[in-house]
Amino acid sequence: MPFAEPELAARLDAVRQRMAASDLDALIVADPANIHYLTGYDAWSFYMPQLVLVTHDEDPVLALRSMDANGAHRTAQLPADRILGYPESWVHQPDRHPFAWIVDALRERGLVRPGRVGVESEAHFLTVRSYLTLQAAAPEWTLVDDRQLVNWVRLVKSPAELERMREAGRVCSAAMLAGFEAIRPGMGQHELAAVVAHAQAMGVEGVAGDYPAIVPMLPTGESADTPHMTYSGRVLEAGEAVSFEIAGVSQRYHAPLARTVSLGPPSPELRSLASVTADGLDLVVDAMRPGRTVAEVHGAWQAHLARAGYEKASRLGYSIGIGYPPDWGEHTVSVRGDDATVLEPGMTLHVIAGMWMTGFGCELSESVAVTDAGVELLTHVPRELVVR
């Protein structure tokens, strides 16, 4: 198991304290990252309805499809009687939903009690039908938005979690360098993605790779003016630039990294943009200190861009940690001017200085951990425009 039982117990206690402060009698957890955080459960079952019920006075209950429940004990650190599996006959039925079966099973165990119950309304895999089924099946519950309760508990990492993040950073750095080594004109984007994905899966000495929440993103040429472009069979051409945005993963903990590679001498516009971007990222990393707000750090970046005659409307980064498809972000802190979150030791963030212009762009980023003295870099690749 990746974490000892006392660590999971501390996480559960922190969640219960936050539940009490939010006047919640129970909490329904549907985000696979949060399920993993609280129970250790890890499998590719999140595409089917599943949840964890957290109360104040009993062990959590994990409820999921029966074929997955049969082996859930291999990763979930829960007593066997706290893992419930709904029958296959409830899967993909037009007239009934698995959450109705789950609520009935919880009621039989005395766990459906009148009160305020938080629901992870932002969880990617909690569908509208799932929510409506909960409403109908458990009229005793007053369902309320949990406001990302578990996500906020996850924000400050334990020493054991920070070690996973360092491992993920080593994997990511190796995968990025493998991409640099392989890239060449005439290569298909899919071939480049295969090199990166192989390195992500292989890991590094002492660290097995794990699958990332997002595929390798490779905005290329004119499409580099837009983030989040994935790969295809498109052939790379001499003279164009390719932006990599990838992550390394260790036991579901993600450390992302972005770099831009020019296949040949870069244009003056790209060279200038890359210089400003790199200098700004240096400034931001140096500015991150415990006690400062995220907005203050963002302000330093915006002032730097303004002096250079650029502007960036999108956020500068976000908190990271456990990730499952389709996202490696924690959905809490956003590095932008309206986020008053105070930086604390143990927070981990992806600081992405992505500049997307018209017909070209440049991405440089770092995954960092806030420390007592400033930040620790989790990724280690030269912070510059790479020319091949």
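A brief structural summary. Quick caveat: nothing in here was measured; it's all calculated off a predicted structure.

## As for the layout of surface pockets
Computed from the structure, the largest pocket encloses a volume of approximately 300 Å³. Surrounding the largest pocket, 19 residues form its lining, His228, Glu245, Arg315, Tyr318 and Ile352 being those nearest its centre. Secondary structure elements with two or more residues in the lining of the largest pocket: strand 9 (317-324), strand 10 (327-334) and strand 11 (348-356). The leading source of residues in the lining of the largest pocket is strand 10, at seven residues. Looking at the lining of the largest pocket, its residues break down into eight nonpolar, six polar and five charged. Volume-wise, the second largest pocket comes out at about 200 Å³. Looking at the second largest pocket, the residues that line it are Glu5, Leu8, Ala9, Leu12, Leu38, Thr39, Asp59, Pro60, Gln77, Leu78 and Pro79. Taken together, the elements giving at least two residues each to the lining of the second largest pocket come down to helix 1 (5-21) and helix 2 (32-39). Sorting elements by how many residues they give to the lining of the second largest pocket places helix 1 first, with four residues. Among the residues forming the lining of the second largest pocket, the class breakdown is seven nonpolar, two polar and two charged.

## Regarding unusual backbone geometry
The step from Pro325 to Pro326 runs through a cis peptide bond, and the omega angle for that step is 10°. Its location among the elements puts Pro326 in the loop between strand 9 and strand 10. In this model, Arg147 sits at a positive phi of 55°, which is unusual for a non-glycine residue. Inspection of the secondary structure assignment puts Arg147 in the loop between strand 6 (141-145) and helix 6 (149-153). The exposure class of Arg147 is exposed, given its relative accessible area of 67%.

## A closer look at empty space enclosed by the protein
Applying the stated rule across the entire model yields three cavities of 30 Å³ or more. Its volume calculated, the largest cavity comes out at about 90 Å³. Around the largest cavity sit 15 residues that line it, and Asp31, His124, Tyr324, Asp327 and His331 are the ones nearest its centre. Listed by contribution, the elements that provide at least two residues to the lining of the largest cavity are helix 2, strand 9 and strand 10. Looking at which element gives the most residues to the lining of the largest cavity, the answer is strand 10, with four residues. Taken together, the residues of the lining of the largest cavity sort by class into six nonpolar, five polar and four charged.

## Examining the sheet that holds strand 5 (residues 115-119)
A sheet is described by the order of its strands in space; here six strands give the open sequence 4-3-2-1-5-6, paired in mixed fashion. Each edge of the sheet is formed by a strand with only one pairing partner; in this case those strands are strand 4 (83-86) and strand 6. For this sheet, the mean angle separating the axes of adjacent strands, direction not counted, is 25°. Judged from the five bridges that link them, strand 5 and strand 6 form a sheet pairing that is parallel. In the strand pairing of strand 6, Gly118 is matched with Val144. In the packing of helix 2 onto the sheet, the strands contacted are strand 1 (26-29), strand 2 (51-55) and strand 3 (61-65), and the crossing angle to strand 2 comes to about 50°. The strands touched by helix 5 (residues 128-137) are strand 1, strand 5 and strand 6; relative to strand 6, the strand with the most contacts, the crossing angle is about 150°.

## Observations concerning the pairing of strand 11
Every other side chain in a regular strand lies on the same face of the sheet, so the side chains alternate between the two faces. The buried count for strand 11 comes to eight of nine residues, which makes it a mostly enclosed element. Pairing of strand 11 with strand 12 (residues 361-370), which is carried by nine bridges, proceeds in the antiparallel orientation. Across the sheet, residue His350 finds its bridge partner in strand 12, namely Ser367. The hairpin turn running from strand 11 into strand 12, its antiparallel successor, is four residues long, and Gly359 in that turn takes a positive phi close to 85°.

Reading the values: rules and limits
Residues numbered from 1 in each chain as written. Predicted model: local features only at pLDDT ≥ 70, side-chain atom pairs only at ≥ 80, totals over all residues. Heavy atoms only, no water. 1 Å grid on protein atoms, 1.4 Å probe; cavity = no way out; pocket = protein on both sides within 12 Å on 5 of 7 lines; lining within 4 Å. Points joined across faces, edges and corners; volume = space filled by probe spheres on them. Helix = DSSP H or I, 4+ residues; strand = E, 2+ residues; numbered from the N terminus. Nonpolar A, V, L, I, M, F, W, Y, C, P; charged D, E, K, R; others polar. Buried < 20%, exposed > 50% of the residue type's maximum accessible area, 1.4 Å probe, protein only. Pairing = 2+ DSSP bridges. Axes fitted to C-alpha atoms, helices over the stretch in contact; angles between N-to-C directions. Contact = heavy atoms within 4.5 Å.

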